[in-house]
Amino acid sequence: MGKHKHIDSINRLFEKSPVVDFRTIERIVESKDKSGRTGRYAKLLVSNLLRQGKIKKLAKGCYTRHDDNSLAVFCFKPAYLGLQSALSAHNLWEQETIPIIISAKKARSGVRDVMGGNVLVRRTGSERIFGYELMQEGDFYLPYSDIEKTLIDMIVFRQRIDPETMKRINRRIDPRRLTEYLKRYPPRIRKMVMEYRG
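Counting starts from 1 at the beginning of each chain's written sequence and moves along it residue by residue. With the structure being a predicted model, the display of local features is reserved for residues of pLDDT at least 70 and the display and counting of side-chain atom pairs for 80 or more, all residues being used for whole-chain, interface and lining totals. The side-chain numbers reported here are obtained from all heavy atoms of the structure, hydrogens and water having been left aside.

1. Notes on the side chain of Ser145
Strands are runs of DSSP state E lasting at least 2 residues, helices are runs of H or I lasting at least 4, and numbering of each runs from the N terminus. Note that Ser145 resides in strand β9 (residues 140–145). The cut-offs for exposure are 20% and 50% of the maximum accessible area for each residue type, with area from a 1.4 Å probe on protein chains only; residues under the lower value are buried, those over the upper are exposed, and the others partly exposed. Given the relative accessible area of 0%, Ser145 is considered buried. Whenever two N or O atoms come within 3.5 Å, that pair is a polar contact, provided that in protein one can donate a hydrogen and the other can accept it, and provided that, for residues adjacent in sequence, both atoms are side-chain atoms. Here the side chain of Ser145 touches Thr150 through a polar contact of 2.6 Å, side chain to side chain. Only heavy atoms matter for contacts: two residues are in contact if any of them lie within 4.5 Å across the pair. Other than its neighbours up to four places away in sequence, Ser145 contacts Tyr80, Leu81, Gly82, Leu83, Ala86, His90, Gly131, Tyr132 and Thr150.

Spelled out as structure tokens, the structure:
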């Protein structure tokens, strides 16, 4: 009886949210062993759900039922999808790209294997987590950097922008918003962004 109650609660949780973290599952289960520690039953439950293929692991302590590795952005909060991923989302970049997560979380930077696909995690300071919006991608709303923040990030992370893409960016950029964002950066970055804009 008790086990089914927990499984039903966890199933409802995965129906409501595309990404669920282990601590939330642990709170639902609220099991304690003789030493007063929680989590053993929660770990067993998650392990069984993974083995049965009912859930998939996105990152440590972060799970989903869906086949979209872009959902990993919710595992590295505060974070957003940026750089070439954002260019693609804004239809400014015609090439296919892997999800690129810009995060302030202390996590290892670099390419990770998430559900059989690559995801690139880049780190930044928490003061640089701004200028993003939720955009619909399939069934989900994911945080993507807006065009102005994407341009700044491309400069900060030293990513090359081809002339054709730069023309598209210049046509759609909001100069006032770009100027506001640049106030948060040192003069060297401001100068580089303005030079890139031509």
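There's more to say after this.
2. Some details on the pattern of salt bridges
Salt bridge, as used here, is a side-chain nitrogen of Lys or Arg placed within 4 Å of a carboxyl oxygen of Asp or Glu. Tallying each qualifying case throughout the model produces seven salt bridges. Where Asp153 meets Lys149, a salt bridge forms, and the shortest distance between an N and an O atom there is 2.8 Å. Placement of both Asp153 and Lys149 in helix α5 (residues 147–156) is noted, with a separation of four residues, approximately one turn of the helix. With respect to class, Asp153 is no different from Lys149; both count as buried. Between Glu180 and Lys183 there is a salt bridge, with its nearest N and O atoms 2.9 Å apart. Three or more residues joined by partner-sharing salt bridges are found here, namely Asp146, Glu148 and Arg177.

3. Description of helix α6 (residues 163–172)
Listing the buried residues of α6 in full gives Thr165, Met166, Arg168 and Ile169. The buried residues of α6 all sit within an arc of 160° when viewed along its axis, so they share a single face. Exposed side chains of α6 directed beyond 90 degrees from the buried face belong to Pro163 and Arg171. Those residues of α6 that are buried lie in contact with α4 (84–89), α5 and α8 (187–197). The arc in question is traced by the directions running from the helix axis to the C-beta atoms.

4. Some thoughts on the state of the cysteines
Disulfide: a covalent bond formed between the sulfur atoms of two cysteine residues. Working definition: a disulfide is two cysteine sulfur atoms within 2.5 Å of each other. This model, assessed by the stated rule, comprises one disulfide. Bridging Cys62 to Cys75, the disulfide has an S-S length of 2.1 Å. Taking the sign of the S-S torsion, about -80° here, the bridge from Cys62 to Cys75 comes out left-handed. Of the two residues, Cys62 sits in strand β3 (residues 62–64) while Cys75 sits in the loop between β3 and β4 (79–81), which places them 13 residues apart along the sequence.

5. Here's the deal with the sheet that holds strand β1 (residues 19–21)
Two strands qualify as a pair provided that DSSP identifies no fewer than 2 bridges between them. If you walk across this open sheet you meet the three strands as β1-β3-β2, and the pairing is antiparallel. A strand with exactly one partner marks an edge of an open sheet, and here the two such strands are β1 and β2 (56–59). Within this sheet the neighbouring strands show an average axis-to-axis angle of 40°, counted without direction. In this structure, β1 lies alongside β3, joined through three bridges in antiparallel fashion. By the bridge assignment, Val19 is partnered in β3 with Thr64. Lines fitted to C-alpha atoms define the axes here, with helix axes fitted over just the stretch in contact, and angles between the N-to-C directions of these axes take values from 0 to 180 degrees.

6. A closer look at the layout of surface pockets
Approximately 350 Å³ is the volume found for the largest pocket. Both cavities and pockets are sets of points on a 1 Å grid over the protein atoms alone; in a cavity a 1.4 Å probe fits but cannot get out, in a pocket the set is open with protein on both sides within 12 Å along at least five of seven lines, and lining residues sit with an atom within 4 Å of a point. Lining the largest pocket we find 16 residues, and of these Asp21, Gly61, Cys62, Phe74 and Cys75 sit closest to its centre. Listed by contribution, the elements that provide at least two residues to the lining of the largest pocket are β1 and α2 (22–29). Grid points are joined across faces, edges and corners, and a volume is the space filled by probe spheres set on the points. The computed volume of the second largest pocket comes to approximately 200 Å³.

7. Description of helix α7 (residues 175–182)
Looking only at α7, the buried set comprises Leu178, Tyr181 and Leu182. All buried residues of α7 fall inside an arc of 95° around its axis, so they share one side. Buried residues in α7 make contact with α5 and α8. The N-cap of α7, judged by a side-chain oxygen 3.1 Å from the amide nitrogen of Arg176 a few residues on, is Asp174.

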